[in-house]
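The chain contents come next:
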Amino acid sequence: MSDATRATGALLELMARLRDPAKGCPWDLEQTFATIAPYTLEEAYEVADAIDRGDPLQLRDELGDLLFQVVFHARLAQERGWFGFADVAESIHSKLVRRHPHVFAGESIESSGEQSARWEELKARERAEWASSQHAADTSTLAGIPRALPALARAAKLGRRAARVGFDWQESAQVREKILEELREVDEALAETSGAGHGGPAGPAGPAGRAEPAGRAEPAARAGRVAEELGDLLFAIANWSLHLKVDPEEALRAANAKFERRFRRMESLAREQGSALESLSAVQWDELWRKAKKG
């Protein structure tokens, strides 16, 4: 028996013990798919964080935590008579063999780009076959995109999926124009909001057909309009990034890391000067920011 087989078996036995109705852990016994799902997402993010940090020991531990989530879900399914951990492993094994015909079936693939395109074709075929066999109501091109994905990543995935059937801009410059259009609409929504209560621009026609002053719109409705337009702007930016061959989620992750690094540097510089962050003026913050960018 290999070390991997032995370790996996021990983990499965541990999971069974935790879920034992008589001798198990009260907390583990209370859990369901729904209550465990947030932890599964969190563990996946922690794996990504360990990779970003380049910490192999942390990565090993976080992968273990993520594996435990898979084992937990499989155990819950087994208790319901749906499937077990072995079925999960066999399912992914079969899928990977099926989606690598150039490795296991003698199909010729010339490049990784060609392989990616072939992979997406196979996935699309599998989705269509599954929908047909299950008589699924949702046969959309966009079916199956997880709603739990981070919003920016899901926006990119929606854009990619729509582009496969031809719903896309032909050039990145066209997407940039769309971004400018969405930005103008954000400005218009903000102008309506700022005009609230003091004679702002006329709003849409009321019940009698006369224009309602924007200032009479409900605050929640005004805020909702701004949020909607900002959402459209972010969605357009996500699609622009795809045309520029940039993953928007990765780009934003990098920007987050850069901001955090510079802000921590500003905090350090302020402490060196004996300054309290809350007492700094806008000019002082700007000076610290410029120094942080240089160093």
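Now for a description of the structure that goes with this document. (Residues numbered from 1 in each chain as written. Predicted model: local features only at pLDDT ≥ 70, side-chain atom pairs only at ≥ 80, totals over all residues. Heavy atoms only, no water.)

## Notes on the overall build of the protein
Here is step 1 of the chain: A count of helical and extended segments in the protein gives 12 helices and two strands.
Here is step 2 of the chain: When the helices and strands of the protein are listed from N to C terminus, the series reads α-α-α-α-α-α-α-α-α-β-β-α-α-α.
Here is step 3 of the chain: Its C-alpha atoms give the protein a radius of gyration of 26 Å, more than 25% over the compact-globule value 19 Å for 295 residues.
Here is step 4 of the chain: On the principal axes, the C-alpha backbone points of the protein span a range of 75 × 60 × 50 Å.
Here is step 5 of the chain: Counting the 295 residues in the protein, one finds 22% classified as buried. (Helix = DSSP H or I, 4+ residues; strand = E, 2+ residues; numbered from the N terminus. Rg over C-alpha atoms; globule rule 2.2 N^0.38 Å. Buried < 20%, exposed > 50% of the residue type's maximum accessible area, 1.4 Å probe, protein only.)

## Brief notes about the pattern of salt bridges
Here is step 1 of the chain: Under the definition given, this model contains 17 salt bridges.
Here is step 2 of the chain: E79 is paired through a salt bridge with R19; the nearest N and O atoms lie 2.6 Å apart. Taken as a pair, E79 in helix α4 (residues 56–79) and R19 in the loop between α1 (3–18) and α2 (26–30) lie far apart in primary sequence, 60 residues in all.
Here is step 3 of the chain: Residue classification places E79 among the partly exposed residues on the basis of a relative accessible area of 35%.
Here is step 4 of the chain: Since its relative accessible area comes to 9%, R19 is described here as buried.
Here is step 5 of the chain: A salt bridge links E121 to R118, with the nearest nitrogen and oxygen atoms 3.4 Å apart. Of this pair, E121 and R118 both sit in helix α7 (residues 112–133), three residues apart, which is roughly one turn of the helix.
Here is step 6 of the chain: With relative accessibility at 47%, the residue E121 sits in the partly exposed group.
Here is step 7 of the chain: What makes R118 buried here is its relative accessible area of 16%.
Here is step 8 of the chain: Beyond isolated ion pairs, a larger network of salt bridges with shared partners links R19, R75 and E79. (Salt bridge = Lys/Arg side-chain N within 4 Å of Asp/Glu carboxyl O.)

## Observations regarding unusual backbone geometry
Here is step 1 of the chain: At K245, a residue that is not glycine, the phi angle is positive and equals roughly 65°.
Here is step 2 of the chain: Residue classification places K245 among the exposed positions, given a relative accessible area of 75%.

## Some remarks on the packing of aromatic side chains
Here is step 1 of the chain: As enumerated under the stated definition, the model contains six aromatic pairs in all.
Here is step 2 of the chain: Relative to F72, the ring of F68 has its centre 5.7 Å away and its plane inclined at 70°; by these criteria the two rings are edge-to-face. You can see F68 and its partner F72 sitting in helix α4, four residues apart, about one turn around the helix.
Here is step 3 of the chain: Given the relative accessible area of 22%, F68 is considered partly exposed.
Here is step 4 of the chain: Overall, the relative accessible area of 1% leaves F72 in the buried class.
Here is step 5 of the chain: Considering the side-chain rings of F263 and W285, the 6.0 Å spacing of their centres and the 20° angle between planes classify their relative orientation as stacked. Here the residue F263 occupies a position in helix α11 (residues 248–272), and W285 occupies one in helix α12 (residues 282–294), the gap between them amounting to 22 residues.
Here is step 6 of the chain: A residue is classified by how much of its surface remains accessible, and W285, at 25% relative accessible area, is partly exposed.
Here is step 7 of the chain: Taken together, F259, F263, W285 and W289 form an aromatic cluster joined through their ring pairs. (Phe/Tyr/Trp six-rings, centres within 6.5 Å; stacked < 30°, edge-to-face > 60°.)

## With respect to the side chain of H243
Here is step 1 of the chain: Residue position: H243 is located in helix α10 (residues 219–243).
Here is step 2 of the chain: A polar contact is formed between the side chain of H243 and the side chain of D168, at a distance of 2.9 Å.
Here is step 3 of the chain: What H243 contacts, discounting residues up to four positions off in sequence, is D168, W169, E171, S172 and V175. (Polar contact = N/O pair within 3.5 Å; in protein donor to acceptor, adjacent residues only side chain to side chain. Contact = heavy atoms within 4.5 Å.)

## So, the environment of L233
Here is step 1 of the chain: In this structure, L233 sits in helix α10.
Here is step 2 of the chain: Residues L233 and R184, spaced 49 residues apart in sequence, show a C-alpha to C-alpha distance of 9.6 Å.
Here is step 3 of the chain: Not counting the four nearest positions on each side in its chain, L233 is found in contact with I179, E182, L183 and V186.

## Section: the packing of α1 against α4
Angle between the axes and distance between the axes: these two values describe a pair of packed helices.
Here is step 1 of the chain: Across the interface, α1 lies against α4 with an axial gap of 10 Å and an inter-helix angle of 55°. What the angle tells us is that α1 and α4 run oblique. Crossing of α1 over α4 shows right-handed handedness. Seen from α1, the contacting residues are L11, L12, L14, M15, A16 and L18; seen from α4, they are L67, F68, V71, F72 and R75.
Here is step 2 of the chain: Among the residues forming the contact of α1 with α4, the class breakdown is 10 nonpolar, no polar and one charged. (Axes fitted to C-alpha atoms, helices over the stretch in contact; angles between N-to-C directions. Parallel < 35°, antiparallel > 145°, perpendicular 65-115°, else oblique. Left-handed = near helix turned anticlockwise from the far one by under 90°. Nonpolar A, V, L, I, M, F, W, Y, C, P; charged D, E, K, R; others polar.)

## Considerations on a nonpolar patch on the surface
Here is step 1 of the chain: Taken together, the side chains of L67, V70, W82, F83 and V88 make up a nonpolar region of the molecular surface, amounting to roughly 440 Å² of accessible area.
Here is step 2 of the chain: Residue position: F83 is located in the loop between α4 and α5 (85–98).
Here is step 3 of the chain: A residue is classified by how much of its surface remains accessible, and F83, at 36% relative accessible area, is partly exposed. (Patch = residues over 30% accessible without salt bridge, like charges linked within 9 Å, V, L, I, M, F, W, Y side chains within 5 Å. Areas by Shrake-Rupley, 256 points an atom, 1.4 Å probe, with all protein chains shown as cover.)

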